[in-house]
Amino acid sequence: MDVWGKIRHFSILSESEFAPFSKLFRTHRYYTTQASQTEREREKYHQMRTTYKNVPLVAKFRLLRASTAYRGGGLGFENARPKPGRTVSTPKTAIECKKKSGFASEILNKTREKVQNTVNGREENGFQNRKALKPGTVTKMRKVYEDTLKPHYAETGVLPPYNDAKYQFARTPDEIEGMRKAGLLAAEVLDYAESLCKPGVTTEEIDEKVHLMIIDAGAYPSPLNYGEFPKSVCTSLNECICHGIPTPDETLLDGDIINVDVTVYLNGYHGDTSRTIRVGKVSEQVETLCRVTEDALEAAIKIVKPGVPLRRIGATIHEIADKHKFGVVDKFVGHGVGKEFHSGPTIRHHRNNDPGTIEAGMTFTIEPMLTIGGTRDIMWKDGWTSVTADGKWTAQCEHTLLVTDTGCEIMTLSPAKKALGDHLIRGAR
Ligand code: MF3
Ligand code: CO
Ligand code: CO
């Protein structure tokens, strides 16, 4: 008796679907011809297809193996390649396995998951043996109070056109005060979110609590229904670069990192801030990634003042990332922020040749994303979640700034971190 036992189950997969499992299972190559050669063969073939249409695959294979009549005809195994000149379909792979049931659906689900959510051939064990992320169920949009002042997209989900040339400024005392208040609330909410990020907590729970804090402070959670984003905050774990959607199916584990990106709309102004929170104890390499990302943001903030070219921001960040051989994501950018969630100037975090100069009164974000591996991303089917193509982890942090005459004021400075030390993002230096 062979190692596979007597009970066999067959499943048909395309080559690419099967590739990740090729070492685990015994396989046979299988072809379907487009047309049989003779009238008699064709007739037999159709007869067989009709007769055995509902016969389980395993039985069909037994039958076909026993039969020489169809070898190289309707179906054929590798040892019976179709004769030259015959049109055949792309070879498929028949897999046999000990398990009698559930195998086909199991393997198909696994491969579909892979193909949908990750790059070709990526292992199920993701970076550092932490399983690769996968989409979870998305729960209903949360409600806000009737009397909450909402941004224009709150009801429709429609984004306004993005105009890179249209900057935002806070110049009057009212505007400056509006930005400070929105920024402070965003920072306080982020401090609260950080306190929630412990092993065992789901990203859904973070969303729920953050949502409550925002609406009870009289504000609107800016992400909610922004371009139909379904939740009130972005939670981006591990290999997720940004815009992760909170879900009850995603639980934080010891060693994870999670970027929580909070934006609030308070009295007509958006305040936008994020940081990468270490869950429990993270690896040394991952800690370095987070720190360098914070250092890069800090260094970029320090060069901001009127007259400085906007492209200096990217140059500053990129240089620091280079020193540690981290990648700088170029697909997502910082942006003007204020009465609108996103506007010009586009703030790129990698080295660039963008025109434009920093001016007093401008309000914009800087939000670098650094990666351990490559910077190419894969966008999930939800249209929002961006994960690194190679599955390696990535960190981000973000502040909203107001350019002053001599430098800039950080609108989203964290009260909790300030209490811990003078560092802009992580507290003590
Ligand atoms: N807060 C994000 C940023 O930094 C934007 C999130 S858009 C959302 O620009 F729709 F995903 F919420
Ligand atoms: Co943000
Ligand atoms: Co932003």
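In what follows, the structure referred to is the one given above.
Conventions adopted
- Residues numbered from 1 in each chain as written.
- Chains lettered and ligands numbered in written order.
- Predicted model: local features only at pLDDT ≥ 70, side-chain atom pairs only at ≥ 80, totals over all residues.
- Pairing = 2+ DSSP bridges.
- Helix = DSSP H or I, 4+ residues; strand = E, 2+ residues; numbered from the N terminus.
- Contact = placed C-beta atoms within 7 Å.
- Buried ≥ 20, exposed ≤ 12 C-beta atoms within 10 Å, placed from the backbone.
- Expected span 1.5 Å × (residues − 1).
- Axes fitted to C-alpha atoms, helices over the stretch in contact; angles between N-to-C directions.
- Parallel < 35°, antiparallel > 145°, perpendicular 65-115°, else oblique.
- Left-handed = near helix turned anticlockwise from the far one by under 90°.
- Nonpolar A, V, L, I, M, F, W, Y, C, P; charged D, E, K, R; others polar.

Caption draft 1: Representation of the sheet that holds strand E10 (residues 327–328) within the structure. Strand order in the open sheet made by the three strands is E10-E14-E17, with antiparallel pairing throughout. A single partner strand is all that each edge strand has here, and the edge strands are E10 and strand E17 (394–396). Alignment of E10 against strand E14 (residues 369–371), held across two bridges, turns out to be antiparallel. Its bridge partner being in E14, Gly327 is matched across the sheet by Thr371.

Caption draft 2: Looking closely at the environment of Met379. Topologically, Met379 is positioned in strand E15 (residues 377–379). Between the C-alpha atoms of Met379 and Ala389, which are ten residues apart in sequence, the distance is 9.0 Å. If near-sequence neighbours (up to four positions away) are discounted, Met379 is found in contact with Thr385 and Ser386.

Caption draft 3: The pairing of strand E9 (residues 269–278), seen in detail. Most of E9 is tucked away: nine of the ten residues are buried. Judged from the ten bridges that link them, strand E8 (residues 257–266) and E9 form a sheet pairing that is antiparallel. Each residue of the ladder has a partner; that of Ile258, found in E9, is Ile277. Between the antiparallel neighbours E8 and E9 lie two residues, among them Asn267 with a positive phi of about 50°.

Caption draft 4: Broad picture of helix H6 (residues 173–196). If you check H6, its first and last C-alpha atoms are 35 Å apart, about what 24 residues at 1.5 Å a residue would give, namely 34 Å. Listing the buried residues of H6 in full gives Gly178, Met179, Ala182, Gly183, Leu185, Ala186, Ala187, Glu188, Val189, Leu190 and Ala193. On its buried face, H6 sits against helix H7 (203–216), E8, E9, strand E13 (363–366), strand E18 (399–403) and helix H10 (415–420).

Caption draft 5: Structural view of the packing of H6 against H7. With their axes 10 Å apart at the nearest point, H6 and H7 run at an angle of 150° to one another. On the basis of their axis angle, the class for H6 and H7 is roughly antiparallel. Considering the relative orientation of H6 and H7, their crossing is right-handed. Contacts between H6 and H7 involve Val189, Tyr192, Ala193 and Leu196 from the former and Glu205, Ile206, Lys209, Val210, Met213 and Ile214 from the latter. Of the residues that constitute the contact of H6 with H7, the class distribution is eight nonpolar, no polar and two charged.

Caption draft 6: Main features of the pairing of E8. Buried residues dominate E8, accounting for ten of its ten residues. Of the two faces of E8, the one carrying Ile257, Asn259, Asp261, Thr263 and Tyr265 and the one carrying Ile258, Val260, Val262, Val264 and Leu266 are both buried. Here strand E5 (residues 220–221) runs beside E8; their pairing, made up of two bridges, is antiparallel. Within E8, the residue paired with Tyr220 across the bridge is Tyr265. Bridging between strand E6 (residues 234–237) and E8 involves four bridges; their strand directions are antiparallel. Bridge assignment links Cys234 to a residue of E8, and that residue is Asp261.

Fair warning: the whole summary comes from geometry, so function is off the table for now.
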